[in-house]
Amino acid sequence: MLMASLKKKKPRSSEKLLKRKVHFPQQYALPTLIACTFVVALAQFLLKQGSIRLAPTLEGTIFNWALLLGMLLYFINAIFFILIIKHLDLSIAQPTMSLSFVWVILLSFFYFKEVLSIWTFTGMVMIIIGVVFLGRSAK
Amino acid sequence: MINAVALFMICISTFLAALAGVYFKKSSRTFQFNVISLIKNRQFIYGTICSVVAAIIYVLALRLEHLSKAYPATSMNYVWTIFLSHYLIGEKITFKKSIGITFIIIGIFLISYL
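Residues numbered from 1 in each chain as written. Chains lettered and ligands numbered in written order. Predicted model: local features only at pLDDT ≥ 70, side-chain atom pairs only at ≥ 80, totals over all residues. Heavy atoms only, no water.

Participant: I'd love a proper account of the overall build of chain A, names of residues and values included.
Facilitator: Helix and strand counts for chain A stand at eight helices and zero strands. Going from N to C terminus, chain A has its helices and strands arranged as α-α-α-α-α-α-α-α. Considering chain A as a whole, with its 139 residues, one finds that 38% of them fall into the buried category. Taking contacts inside chain A between residues at least 6 apart in sequence as the whole, the part at least 24 apart equals 69%. A total of about 9,200 Å² of accessible surface is found on chain A, and carbon and sulfur atoms cover 71% of it. (Helix = DSSP H or I, 4+ residues; strand = E, 2+ residues; numbered from the N terminus. Buried < 20%, exposed > 50% of the residue type's maximum accessible area, 1.4 Å probe, protein only. Contact = heavy atoms within 4.5 Å. Areas by Shrake-Rupley, 256 points an atom, 1.4 Å probe, with all protein chains shown as cover.)

Take a look at the structure:
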């Protein structure tokens, strides 16, 4: 009887959560990918903020919240990217990540007030056109 | 002009990064939020190793060349990806995809060089 009760031991709720297959609806793949590119841009922005106040000691690295938050965002992006390429073609998802360039330029224009040259603007428009072409080939 | 050795190293690095993407795509079929299943997932491990090696080679290449010249060369990654995913996973190379990637590469060159 003891053996039977041991065998029938119910999995804890946390184990259940971990072993459950991750369901990610297909129609959310493309919007999530674009959100991911924004997350990457945000992560780079935070890494830049962190590198400004970086102290070359262990303490200075561990308590540098901007650096840690940037790394965490990169990690979250990596997980979501694997979930996304389950449904999308890799040859569409990988180039679309270059949309983060556009977000970085917009962030540095509106937040750091950097000068936006005509060539940078043209490059930005080119990338957006390329991503639109890729997105249309997904259907 | 860009240093030839650095360009060759970036070539290898981007190839490995594209290969890592293909492995991640293969691993995504059985992906779970579970450390044990991630370690057992051989494709995921291969992908991780490939991307780590790619990052190391890229950093070594950056010792030979400035970042502003090396960065546009990393957009080679997209070209490798479209070919590798065609031959290894069987994704189709379409006209729209090629046009899109061409536009993106031109855009990256414009942003970084001019």
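Participant: Tell me about helix α7 (residues 99–110) of chain A, and name the residues and values.
Facilitator: With 12 residues, α7(A) ought to run about 16 Å at 1.5 Å a step, and its terminal C-alpha atoms sit 17 Å apart, in line with that. Those residues of α7(A) not exposed but buried are A:L99, A:S100, A:F101, A:V102, A:I105, A:L107 and A:S108. In this structure, the buried side of α7(A) is in contact with α3 (29–52), α6 (90–96) and α8 (118–137) of chain A together with α4 (67–73) and α6 (95–113) of chain B. (Expected span 1.5 Å × (residues − 1).)

Participant: Can you break down a nonpolar patch on the surface residue by residue, with the values?
Facilitator: Residues A:W65, A:L69, A:L72, A:F75, A:I76 and A:F80 make up a contiguous nonpolar surface patch of roughly 580 Å² in combined accessible area. Here A:L72 is to be found in helix α5 (residues 65–84). (Patch = residues over 30% accessible without salt bridge, like charges linked within 9 Å, V, L, I, M, F, W, Y side chains within 5 Å. Salt bridge = Lys/Arg side-chain N within 4 Å of Asp/Glu carboxyl O.)

Participant: Residues and numbers for helix α3 (residues 42–62) of chain B, please.
Facilitator: For α3(B), built from 21 residues, the straight-helix expectation of 30 Å at 1.5 Å per residue is met to within 8% by its first-to-last C-alpha distance of 30 Å. Listing the buried residues of α3(B) in full gives B:F44, B:G47, B:C50, B:A54, B:I57, B:Y58 and B:A61. Angularly, the buried residues of α3(B) cover 155 degrees about the axis, an arc narrow enough to put them on a single face. Projecting away from the buried face of α3(B) at angles above 90 degrees are the exposed residues B:R42 and B:V59. On the buried face of α3(B), the contacting elements are α5 of chain A together with α1 (4–27), α2 (35–40) and α4 of chain B. (Arc of directions from axis to C-beta.)

Participant: Could you give an account of the packing of α3(A) against α7(A), naming the residues involved and the relevant values?
Facilitator: Residue and element names in this part refer to chain A. At a minimum axis separation of 8 Å, α3 and α7 run at an interaxial angle of 50 degrees. With respect to each other, α3 and α7 are oriented oblique. As for the relative orientation of α3 and α7, their crossing is right-handed in sense. Contact residues: I34, T37, F38, V40, A41, L42, Q44 and F45 in α3; L99, S100, W103, V104 and L107 in α7. For the contact of α3 with α7, a count of residues per class yields 10 nonpolar, three polar and no charged. (Axes fitted to C-alpha atoms, helices over the stretch in contact; angles between N-to-C directions. Parallel < 35°, antiparallel > 145°, perpendicular 65-115°, else oblique. Left-handed = near helix turned anticlockwise from the far one by under 90°. Nonpolar A, V, L, I, M, F, W, Y, C, P; charged D, E, K, R; others polar.)

Participant: Account for the packing of aromatic side chains, with residues named and values stated.
Facilitator: Counted according to the given criterion, the structure contains eight aromatic pairs over all chains. Centre to centre, the rings of A:F38 and A:W103 are 5.0 Å apart; their planes meet at 80 degrees, and the pair counts as edge-to-face. Residue A:F38 is located in helix α3, and its partner A:W103 is located in helix α7; the two are separated by 65 residues in the primary sequence. For the ring pair B:F24 and B:F44, a centre distance of 5.6 Å and an interplane angle of 55 degrees mean the geometry is tilted. Of the two residues, B:F24 is situated in helix α1 and B:F44 in helix α3; the sequence distance between them amounts to 20 residues. We note that B:F24, like B:F44, is buried. (Phe/Tyr/Trp six-rings, centres within 6.5 Å; stacked < 30°, edge-to-face > 60°.)

Participant: Give me the lowdown on the interface of chain A and chain B, citing residues and values where you can.
Facilitator: Facing the 34 residues of chain A at the interface are 35 residues of chain B. Buried surface at the junction of chain A and chain B, both sides included, amounts to about 3,100 Å², of which 74% is carbon and sulfur. Across the chain A-chain B interface, the total number found is one salt bridge. Two residues, A:D89 and B:K97, come together in a salt bridge whose shortest N-O distance is 3.2 Å. One can count six residue pairs in polar contact (both at pLDDT 80 or more) joining chain A with chain B. Of all the secondary-structure elements, those providing two or more residues to the side of chain A that touches chain B are α2 (13–19), α5, α6, α7 and α8 of chain A. The biggest single contributor to the side of chain A that touches chain B is α8(A), with 14 residues. In terms of residue class, the side of chain A that touches chain B is built from 20 nonpolar, eight polar and six charged. (Buried area = accessible area lost by both parts, 1.4 Å probe. Polar contact = N/O pair within 3.5 Å; in protein donor to acceptor, adjacent residues only side chain to side chain.)

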